[in-house]
Amino acid sequence: MAPYLYEGKVRGSILRFKFYGCREHAPVYAKGICEELAEQKFLSRMDIVTAVPLSKRRMRTRGYNQSALVAKEAAQLLELPYRDILEKYKENRIQHELDRRNRAKNVRGVYRILPGEEITGKQILLIDDIMTTGATLQECAEVLLREGAASVLCAVIAVVP
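Bear in mind that the values here come from a model prediction, so they are computed numbers and not experimental data.

## Some remarks on the nonpolar core
Phase 1: Counting residues in each nonpolar core, the largest one holds 27 residues, and the members touching the most others are V49, V70, L125, I127 and I157.
Phase 2: For this core, the secondary structure elements donating two or more residues are α1 (8-19), α2 (26-39), β2 (48-51), α4 (66-78), β5 (123-131) and β6 (151-159).
Phase 3: Not counting residues within four places of it along the chain, the set of residues in contact with L125 comprises L37, M46, I48, V49, T50, L78, L153 and A155.
Phase 4: I113, I119, A135 and V143 belong to the second-largest nonpolar core, a separate cluster that totals 20 residues.

Following this line, the structure appears as C-alpha cells:
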C-alpha cells in the first residue's frame, strides 16, 4: 500500500528526506500512509507497527532510519505500539544500485527477528520508504510470518511506477 508515486516532487522530497537529513518530512509521509490505510479499511486489523531496518553500517553512515521515523509517526497517529522487530544482520549490496532481476536474491537471508521479540498471532504493519520490486518488503514479511505473525501489511511512502 502506497499513498504516492515515486516521481516528480514526491521523488525529490523523499530523496531529501532519505539522503539529506530532512527528517521533518516524516510526519507528512506518515499522515499520507495513515489516510491511505483508513481509505482501504485496514486500520482495525493492526496490532504493531514496525519498519524495515537498516544495516549497522548504513545506520552509522546516515545517522537515522528514515523508514523507522515514518513508522513511529504512523504508530502515534494510529495509536498503536511501535517496535523494532527486525534486524538486518548481514551486509548486502544497496538495492537501488541493482537491476530489478537481482534485488530478491540480494535481500534473501539478510533479515531476522531481534532476540526476545514475540510476534506470534500479531498483525503487523511493516513500513518502508520506497517500493520498486517489493523484494525487501517480501523478504521482511516472510521472516515475520515464519516467526508466527498472523499477518503482515506492507506500506510505503511511494511506489516506483
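## Some points on the layout of surface pockets
Phase 1: The space that makes up the second largest pocket amounts to roughly 310 Å³.
Phase 2: Sorting the residues of the lining of the second largest pocket by element identifies β2, α3 (56-62), α4 and β3 (86-88) as the ones contributing at least two each.
Phase 3: Tallied by class, residues from the lining of the second largest pocket come to 11 nonpolar, two polar and five charged.

## So, the pattern of salt bridges
Phase 1: For the structure on display, the rule yields four salt bridges.
Phase 2: Here R83 ties to E117 by a salt bridge, and the two come within 2.7 Å at their closest N and O atoms. You can see R83 sitting in the loop between α4 and β3 and its partner E117 sitting in the loop between β4 (111-113) and β5, a full 34 residues away along the chain.
Phase 3: Residue R83 is classed as partly exposed on the basis of its relative accessible area, which comes to 26%.

## Quick word on the packing of aromatic side chains
Phase 1: Summed over all chains, the structure comprises one aromatic pair.
Phase 2: Here F17 and Y29 contribute two aromatic rings whose centre-to-centre distance is 5.2 Å and whose plane-to-plane angle is 65 degrees, an arrangement assigned as edge-to-face. Taken as a pair, F17 in helix α1 and Y29 in helix α2 lie far apart in primary sequence, 12 residues in all. Like F17, the residue Y29 is buried in the burial classification.

## Some words on the sheet that holds β6
Phase 1: In space, the four strands of this open sheet follow the order β1-β6-β5-β2, with parallel pairing throughout. The open sheet is flanked by β1 (4-5) and β2, the only strands paired with a single partner.
Phase 2: Bridge count for β2 against β5 is four bridges, and the pairing is parallel. Within β5, the residue paired with V49 across the bridge is L125.
Phase 3: Helix-sheet contacts for α1 involve β1, β5 and β6, and the interaxial angle to β6 is about 110 degrees.
Phase 4: The sheet strands contacting α2 are β1, β5 and β6, and the helix crosses β6 at an angle near 125 degrees.

## A look at the side chain of S55
Phase 1: Mapped onto the secondary structure, S55 falls in the loop between β2 and α3.
Phase 2: Residue classification places S55 among the buried residues on the basis of a relative accessible area of 4%.
Phase 3: A distance of 3.1 Å separates a polar atom in the side chain of S55 from the backbone nitrogen of R58.
Phase 4: Discounting chain neighbours no more than four positions away, the residues touching S55 are K88 and E91.

So, how was this worked out
Residues numbered from 1 in each chain as written. Predicted model: local features only at pLDDT ≥ 70, side-chain atom pairs only at ≥ 80, totals over all residues. Heavy atoms only, no water. Core = buried A, V, L, I, M, F, W, Y, C linked by side-chain atoms within 4.5 Å. Buried < 20%, exposed > 50% of the residue type's maximum accessible area, 1.4 Å probe, protein only. Helix = DSSP H or I, 4+ residues; strand = E, 2+ residues; numbered from the N terminus. Contact = heavy atoms within 4.5 Å. 1 Å grid on protein atoms, 1.4 Å probe; cavity = no way out; pocket = protein on both sides within 12 Å on 5 of 7 lines; lining within 4 Å. Points joined across faces, edges and corners; volume = space filled by probe spheres on them. Nonpolar A, V, L, I, M, F, W, Y, C, P; charged D, E, K, R; others polar. Salt bridge = Lys/Arg side-chain N within 4 Å of Asp/Glu carboxyl O. Phe/Tyr/Trp six-rings, centres within 6.5 Å; stacked < 30°, edge-to-face > 60°. Pairing = 2+ DSSP bridges. Axes fitted to C-alpha atoms, helices over the stretch in contact; angles between N-to-C directions. Polar contact = N/O pair within 3.5 Å; in protein donor to acceptor, adjacent residues only side chain to side chain.

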